[in-house]
Amino acid sequence: MLLYALFLSVLFYSCKEKETTTPQKKPNIIYIMSDDHTTQAFGIYGSRLAGLNPTPNLDQLAKEGMIFDNAFVNNAICVPSRAAIITGQRAQTNGVIDLEGAIAPEKQFLPKEMKKLGYQTAIIGKWHLHHEPAAFDYYQVLPVQGTYFDPDFRIRGDKPWTENIVKTKGHSSDRIMDATLNYLKNKRDKDKPFFLMHHFKAPHDDFEYAPRYENYLADTFIPEPKSLYEIGNHGSEAVRGKNDSLTRIIGSSVSHRNLIRNQAMNIYWNDSTVYKKYRNANDIGQDELVKWQMDTTEKAYTSKVYQDYLKKYLRCVKGVDDNIKRLLDYLKTEGLLENTIIVYTGDQGFMLGEHDYIDKRWMYDEAMRMPFFVRYPKTIKAGTRTDAIINNTDFAPTLIELAGGQTPEYMQGKSFKNILETGIEPENWPKATYYRYWMHLAHRHQNPAHFGIRTKDYKLIFYYGKYWVDTDNPNATWNKKSWGNDFTHHTPPAWEFYDLKKDPKEMNNAYDDPENKAIISDLKTQLVQLRKNLNETDVNYPHIQKVIDAHWND
Ligand code: CA
């Protein structure tokens, strides 16, 4: 009996000792983000392109975890999206409203918080937040956008950060993955968990793919969206002008419709007499701003441009997907796969010809929705999906909580760790998300500035236009250069409302339908509240607020 008690106590103490000396190992985290990889260009999101099987490796990864159907960006353009991700804050709190915005090391909150939790932190690939990513323990990043071929990278060194350059040969997607594998193999401290942000440059324009993809989809007809040819009742006076008088200068297009920028001139640049003639919006004469009509010849031409556009884009996507396999194979071989949380997203969506648009910036779903999925079999069930609305300021809080921390007070996003682990959207989870695009008519993509609210069922957008003549100060203009300089053609303020259950492709702006009066009024109330709660009012931009007030009840 005594012997038995002794045996038990030895067993107890040895177990206890084992517990204290080998604590539960924290998971590693790899956050993978591509640039402009939109949900239409996946298998898992069920778009018209899903049948092409554009992302077999990413689809497999997604199916082993949870897929988010309603992940949205705060502003569908690179720098503001990346700033929101790294700070967990909205634009007017982190100060990044446009492409010129920058995040200084002391505000690189996500890596700072991960370090506090015992993680070694690294960022590899596209960074684009202008200051040195000094809050990370390790970095190897592209200068600004970087190049698709033979990319240079900046690394930490003795000289100022912009001067410590590593030169490489080949395609950026391959070289960025090489850098990540090199970090995992040779650069990290293998006794500590790691938090790695791996950011591809692809498939951002100009869609330069690796030569090995030259024949990929070469003989395949790429399914076209109906809205490439038929605009229907999509849009408003803000994007079409009164009686469609602005269709030729608003929203860069696939077809020849937009005289200032269209994909035809991007692809066939040297052939572009159009571009040469309309280099500046100011060069366009009134006689040329005729109502746009897509005739038979133009349809055939548009189809050709679209096919070319999509093939280039999807070849870049293929390069991303193939490199994901390299990463997964490595993690598996090293026995790292099961203890590593893998997140995949794009920094925003992209218009692939829907409504005859190219590029992003719009609050339309194709641009505003982000692909987002997470694999971690220990706590996230395979094959799960949620329609809970999340946005990119929620990413940092979630990653911090997955790493064992608490969401810092100064972050505006909310952790959705609970949704990942239970599949259940909590009762008090936000039912709407806020969006704001600032850079009015910038970069010849010609998108009017706007903001709005999206719920699971509805979307309300207000375009506040740009060049509002202030009668007290007629020479005043609120635009920075980066918000556009089109002083000839100002866009009228206008509202758009889409009933997404009835009209998921946003073909019918139903703002004026009396049936929607009550819901629109409710959405406006929610929108005002969201702007207040998120510190996103225009208190620092009274000239904009003036337009908002003047047109709120239009
Ligand atoms: Ca982007």
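Above this text is the structure in question.
The shown structure was predicted, so the numbers you read here are calculated from the model rather than taken from an experiment.

Draft legend 1. Quick look at the overall build of the chain. Along the backbone of the chain there are 15 helices and 16 strands. Counting across all 554 residues of the chain, residues that qualify as buried make up 59%. Taking all contacts inside the chain whose residues are at least 6 apart in sequence as the whole, residues at least 24 apart take part in 70%. Looking at the chain as shown, the accessible area adds up to about 22800 Å², and 52% of this sits on carbon and sulfur atoms.

Draft legend 2. The packing of helix α6 (residues 172-187) against helix α10 (residues 296-333), seen in detail. Interhelical geometry of α6 versus α10 gives an angle of 15° and a closest axis separation of 9 Å. Taken together, the axis directions place α6 and α10 in an arrangement best described as roughly parallel. Relative to α10, the crossing made by α6 is right-handed. Counting all contacts with α6, which are made through Ser173, Asp174, Met177, Asp178, Thr180, Leu181, Leu184 and Lys185, the residues of α10 involved are Gly319, Val320, Asn323, Ile324, Arg326, Leu327, Tyr330 and Leu331. Per-class residue counts for the contact of α6 with α10 are 8 nonpolar, 4 polar and 4 charged.

Draft legend 3. Molecular detail of the environment of Lys242. When you line up the elements, Lys242 lands in the loop between α7 (237-240) and α8 (263-267). C-alpha separation for the pair Lys242 and Thr491, spaced 249 residues apart in sequence, amounts to 9.5 Å. One polar contact links Lys242 to Glu237, side chain to side chain, over a distance of 3.1 Å.

Draft legend 4. The pattern of salt bridges, seen in detail. If you walk through the whole model with that rule in mind, you get 32 salt bridges. Between Asp150 and Lys169 there is a salt bridge, and its shortest N-O distance comes to 3.9 Å. Residue Asp150 is located in the loop between β5 (138-141) and β6 (152-155), and its partner Lys169 is located in the loop between β7 (165-167) and α6; the two are separated by 19 residues in the primary sequence. Overall, the relative accessible area of 35% leaves Asp150 in the partly exposed class. Since its relative accessible area comes to 65%, Lys169 is described here as exposed.

Draft legend 5. Structural context of the coordination of the calcium ion. Bound to the calcium ion are the protein donor atoms Asp35 (OD), Asp36 (OD), Cys78 (SG), Asp347 (OD), Asp347 (OD), Gln348 (OE1) and Gln348 (NE2), situated 2.2 to 3.0 Å from the metal. Expressed as a motif, the donor residue spacing for the calcium ion is D-D-x41-C-x268-D-Q. Note on accessibility: Asp347 and Gln348 belong to one class, buried.

Draft legend 6. Spotlight on the sheet that holds strand β13 (residues 432-437). In space, the 4 strands of this open sheet follow the order β13-β14-β15-β16, with antiparallel pairing throughout. The open sheet is flanked by β13 and β16 (494-499), the only strands paired with a single partner. Across the sheet, the axes of successive neighbouring strands diverge by a mean angle of 10°, strand direction being ignored. Pairing of β13 with strand β14 (residues 450-455) involves 6 bridges; the strand directions are antiparallel. Along β14, the bridge assignment pairs Tyr437 with His450.

Draft legend 7. Region of the structure containing helix α15 (residues 542-551). Taken as a whole, α15 has its buried residues at Ile544, Val547, Ile548 and His551. Along the axis of α15, the buried residues cluster in a sector spanning 100°; they form a single face. Away from its buried face by more than 90 degrees, α15 exposes Pro542 and Asp549. Check the buried side of α15 and you find it contacts β13, β14, β15 (458-463), β16 and α14 (517-533).

Draft legend 8. Local environment of the sheet that holds β7. An order of β7-β6-β5-β4-β8-β1-β9-β10-β2-β11 is seen for the 10 strands of this open sheet, with the pairing classed as mixed. At either margin of the open sheet sits one strand with a lone partner, and together these are β7 and β11 (384-386). Across the sheet, the mean angle from the axis of one strand to that of its neighbour is 15°, orientation sign disregarded. Sheet strands in contact with helix α3 (residues 78-87) are β1 (28-34) and β8 (194-199), and its direction is about 170° off that of β1.

Draft legend 9. Expanded view of the pairing of β5. Side chains of β5 alternate between two faces, with Tyr138 and Gln140 and Tyr139 and Val141 buried alike. Looking at chain direction, strand β4 (residues 120-125) and β5 are connected through 4 bridges and run parallel. Bridged to Gly125 within β5 is Val141. For β5 and β6, the ladder comprises 2 bridges, and the chain directions are antiparallel. Within the sheet, the bridge partner assigned to Val141 lies in β6 and is Arg154.

Cut-offs and rules
- Residues numbered from 1 in each chain as written.
- Predicted model: local features only at pLDDT ≥ 70, side-chain atom pairs only at ≥ 80, totals over all residues.
- Heavy atoms only, no water.
- Helix = DSSP H or I, 4+ residues; strand = E, 2+ residues; numbered from the N terminus.
- Buried < 20%, exposed > 50% of the residue type's maximum accessible area, 1.4 Å probe, protein only.
- Contact = heavy atoms within 4.5 Å.
- Areas by Shrake-Rupley, 256 points an atom, 1.4 Å probe, with all protein chains shown as cover.
- Axes fitted to C-alpha atoms, helices over the stretch in contact; angles between N-to-C directions.
- Parallel < 35°, antiparallel > 145°, perpendicular 65-115°, else oblique.
- Left-handed = near helix turned anticlockwise from the far one by under 90°.
- Nonpolar A, V, L, I, M, F, W, Y, C, P; charged D, E, K, R; others polar.
- Polar contact = N/O pair within 3.5 Å; in protein donor to acceptor, adjacent residues only side chain to side chain.
- Salt bridge = Lys/Arg side-chain N within 4 Å of Asp/Glu carboxyl O.
- Donors = N, O, S within 2.8 Å, 3.2 Å for Na, K, Ca; no water.
- Pairing = 2+ DSSP bridges.
- Arc of directions from axis to C-beta.

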